Protein chains: 2
Amino acid sequence: MPKTSKRTGNTPSSPIRRLVPFAEAAKKRGTSVFHLNIGQPDIETPKAGVKALQEADLGVIAYSHSAGMISYREKLVEFYSRYGVTTTTEEMIVTNGGSEALLFAILACADAGDEIIVPEPFYANYNGFAKSLDVDIVPITAHIETGFALPEIEAFEEKITEKTKAILICNPSNPTGYMYSVEELKKLRTIVQKHDLYLIADEVYRDFCYEGKTHTSVLTIEGMDEYAIMVDSISKRYSACGARMGVVISKNKALMSEAMKLAQARLSPSTLAQILGEALIDTPQSYFTEVTKEYDLRRRTVISRLQAMEGVICPNPLGAFYTFVKFPVDNSDKFCQWLLEEFSYKGKTLMMAPGTGFYDTEGLGIQEARIAYVLNTADLNEAMDCLEEALKVYPGRTATKNVELSAN
Amino acid sequence: MPKTSKRTGNTPSSPIRRLVPFAEAAKKRGTSVFHLNIGQPDIETPKAGVKALQEADLGVIAYSHSAGMISYREKLVEFYSRYGVTTTTEEMIVTNGGSEALLFAILACADAGDEIIVPEPFYANYNGFAKSLDVDIVPITAHIETGFALPEIEAFEEKITEKTKAILICNPSNPTGYMYSVEELKKLRTIVQKHDLYLIADEVYRDFCYEGKTHTSVLTIEGMDEYAIMVDSISKRYSACGARMGVVISKNKALMSEAMKLAQARLSPSTLAQILGEALIDTPQSYFTEVTKEYDLRRRTVISRLQAMEGVICPNPLGAFYTFVKFPVDNSDKFCQWLLEEFSYKGKTLMMAPGTGFYDTEGLGIQEARIAYVLNTADLNEAMDCLEEALKVYPGRTATKNVELSAN
């Protein structure tokens, strides 16, 4: 039998996948499962955008320009200007999801054997992409005690080698909900300028900010034209994850010219999703106001419940719709599995994403888990009831010190 | 400024792209351009499928299963059974276009530095994918004199090294229109079994066969379960190129398990395109009968016109909607550019894809070009009028021997 490649052999499976059979078994037993493990919102995609797609004249569903329909790119230019981002249709390539945007960015930046530095905990699929392309993720640990703030410059400099090609951040962060400040982005500028690196910023959660915080795009930081690569997607913004519609933007012409070769090889992004995406740009601000209000309610619900549980450490996430939590348990992989396999409270339980899958450093995240607050507050409260009860009876319960959390 | 990667540096630009500015300039001068350079059909996407998408309840456009919606995969199982292909929902991963299917296949088969053997001339983007993933395409030359039939087994064996991981064919072939016979597929089976290689078959043109020929899928060849990987797409079948909806199918479980990691890293294929694709499977056979009849008319129109031109060598393609033609010219890159830049006949000219971009061997294809017969016969006849006149006045005209073409 022919062998499969080493690079896919080295590619990790999705860390969430392992628990799916346990969730399915729980449901078969009649236990309801609250899915706090995935970032699939229950919010409706704005109807007006969907209507535009459904009423469009689709005689021949043809290829678009490899960089995306010019009408969509023009709308995107206008869209980003609302965030203070000045860009042009030539500086962007429309992609099949943020995933493809990331794929293009990594391929254009890094060769096999090269390294990309990423603050951990990080979005687990970064490792999936990197490993399959023979790129090594070099983690820099952020700490729960500081709410997962950017590690110190020294920590980056210790990790930089001649193989380092880029730093990759997620801002606002999946999985921690942390929002990088302008000062932190400027620190990163200092590093990438000094060491001639790219700074890839995954900004797909830009629209979800709380407590008056505003998001700063890497594209608005002065002096970054040659270094900054922004990855974005409509998945979370408009609750349109299944549309697979993203974009990669950079003012570095050489880089975009290389990425364009990749875009041409795969011919075109989805025409259907572009028609949807173009119409969605006209979504009124009131939609975001309402959605953010709803998420904020969910956020405060989950955070206050978690912070009230003894031994649970939960920072105050100010962006995205996740929180990364430390539990008084021996092992969160076991705990999350146990929740599905052996526990129920009033016929219900919850599913979380164990923390280890979000760290590259062996042994980290062993007491942590990611919670996506993507359900309504009634469900979230019930899920928190389950969690609270579970922590009382879980056989692997340990003591954790209540640490002082610094402000985010 | 940070450097871009060597691998994207080695990735060729689309060979067709180079001529686009000349086509645009021609149009600005008022010259009409017949686009025979790209495989973008003018045929309508079946209305019933489009209607199903446009009437679907799209409340939340959510992620689907990473391998594709189960309902769509079940329909695909039924669809392929019509072609004598026995498969299951577990043996397939639905992809964002045939392009992503190919990406997964290459990544799961081959590491950086590995080789994939491909009969040339081949679909130019194979090189784009391979190079960007550090895989080398090793060409085996097929010849116009035999209508681009499969090269002899000896030719393959001469090329196989310890780095060879797969053979990749396109059947029916883009760019030659050649259809591999059962005997040829069995020859390939002998090779892949002996040398433990994958056989990747790009079968996106399976539905376009002429003169009573029928297509043989690699998945129907006995003894190939561990070796065969089939790549497919709805782009050409239903004239839905912009939907970006493909599939990769293999009975090799280890391979599919590796490909599944890649599928999970990018989360899901397009939900919109899957709804479309699922509905399109109900397209009645009468659609294909009619469409194939139309393409056959176009094919015969183009072939008979080309074969009547002095010094032009045009085999008789029996599949897909391309023909690969040899012209009595010094250099087809120059000729194709000249057609756009300096020539017009009755205010019109034509655009073809120069042959060199479809060969990996330096110097081959220099008198050849690919013609896509994707326009109606009236337009095709006018385009052939232009070509005939152009060959009379092109300053780089050369003599070519009229060779005897063997039957396909």
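Keep in mind that what you see is a predicted model, and the values were worked out from it rather than measured. (Residues numbered from 1 in each chain as written. Chains lettered and ligands numbered in written order. Predicted model: local features only at pLDDT ≥ 70, side-chain atom pairs only at ≥ 80, totals over all residues.)

1. Section: the sheet that holds strand 5 (residues 164–170) of chain A
Residues and elements named next belong to chain A. We apply this condition: A strand pair is defined by DSSP finding two or more bridges across the two strands. Helix and strand assignments follow DSSP, with helices taken as H or I runs no shorter than four residues and strands as E runs no shorter than two, numbered in order from the N terminus. Fitting a line to C-alpha atoms yields each axis, with helices limited to the stretch in contact; the angle taken between N-to-C directions then spans 0 to 180 degrees. What counts as a contact here is a pair of residues whose C-beta atoms, placed from the backbone, lie within 7 Å.
The strand order across the open sheet formed by seven strands is 2-8-7-6-5-3-4, and the pairing between neighbours is mixed. Edge positions in the sheet fall to strand 2 (92–95) and strand 4 (136–141), since each of these pairs with one other strand and no more. On average, adjacent strands in this sheet sit at an angle of 20° to one another, irrespective of strand direction. Contacts between helix 6 (residues 125–132) and the sheet are confined to strand 3 (115–120), strand 4 and strand 5, with strand 4 contributing the most and set at about 145° to the helix.

2. A look at the interface of chain A and chain B
Our working rule: Think of it as three bins: nonpolar holds Ala, Val, Leu, Ile, Met, Phe, Trp, Tyr, Cys and Pro, charged holds Asp, Glu, Lys and Arg, and polar takes everything else, Gly as well.
Each side of the interface is counted separately: chain A has 66 residues, and chain B has 66 residues. A per-element tally of the side of chain A that touches chain B places helix 9 (residues 253–265) of chain A first, with seven residues. The residue inventory of the side of chain A that touches chain B, partitioned by class, reads 29 nonpolar, 24 polar and 13 charged.

3. A closer look at unusual backbone geometry
All names here are of chain A. In this structure, Pro-121 follows Glu-120 across a cis peptide bond, with omega equal to 0°. When you line up the elements, Pro-121 lands in the loop between strand 3 and helix 6. Positive phi, normally seen in glycine, also occurs at Ala-320, with a value near 60°. Relative to the elements of secondary structure, Ala-320 occurs in the loop between helix 11 (285–307) and strand 9 (322–326).

4. Here's the deal with the confidence of the model for chain A
Rules: Think of pLDDT as the predictor's per-residue confidence, scored from 0 to 100.
Of all residues in chain A, 98% have pLDDT values of 70 or greater, and the mean over the chain is 95. Both confidence scores are given for the complex: pTM 0.95, ipTM 0.94.

5. Structural notes on the pairing of strand 6 (residues 198–202) of chain B
All names here are of chain B. Heads up, the rule is: Whether a residue is buried, exposed or partly exposed follows from its count of other C-beta atoms within 10 Å of its own C-beta, namely 20 or more, 12 or fewer, or something in between, respectively; the C-beta atoms are built from the backbone. Look down the strands so they point away from you; if the path from the first strand over the helix to the second goes clockwise, the crossover is right-handed.
Most of strand 6 is tucked away: five of the five residues are buried. Of the two faces of strand 6, the one holding Tyr-198, Ile-200 and Asp-202 and the one holding Leu-199 and Ala-201 are both buried throughout. Judged from the five bridges that link them, strand 5 (residues 164–170) and strand 6 form a sheet pairing that is parallel. Bridged to Ala-166 within strand 6 is Tyr-198. Read as a crossover between parallel neighbours, the route from strand 5 over helix 8 (residues 182–195) to strand 6 is right-handed.

6. A closer look at the domain arrangement of chain A
All names here are of chain A. Counted only if it meets this: An automatic or database domain assignment supplies the residue ranges for each domain.
Each domain of chain A was delimited in the assignment, giving domain 1 (6–44 + 286–393) and domain 2 (47–280). The C-alpha centroid of domain 2 is placed 25 Å from the C-alpha centroid of domain 1. Opposite the 38 residues of domain 1 that make contact, domain 2 presents 34 residues. Secondary-structure elements contributing two or more residues to the side of domain 1 that touches domain 2 are helix 1 (6–10), helix 11 and strand 9. Per-element tally for the side of domain 1 that touches domain 2: the top contributor is helix 11, with five residues.

7. So, the pairing of strand 7 (residues 228–233) of chain A
All names here are of chain A. Burial within strand 7 is extensive, with six of its six residues counted as buried. Covered by surrounding structure in strand 7 are Ala-228, Met-230 and Asp-232 together with Ile-229, Val-231 and Ser-233, the residues of both alternating faces. Pairing geometry for strand 6 (residues 198–202) and strand 7, over four bridges, is parallel. Its bridge partner being in strand 7, Ile-200 is matched across the sheet by Ile-229. Where strand 7 and strand 8 (residues 246–250) come together, five bridges link them in antiparallel fashion. Within strand 8, the position partnered with Met-230 by the bridge is Ile-249.

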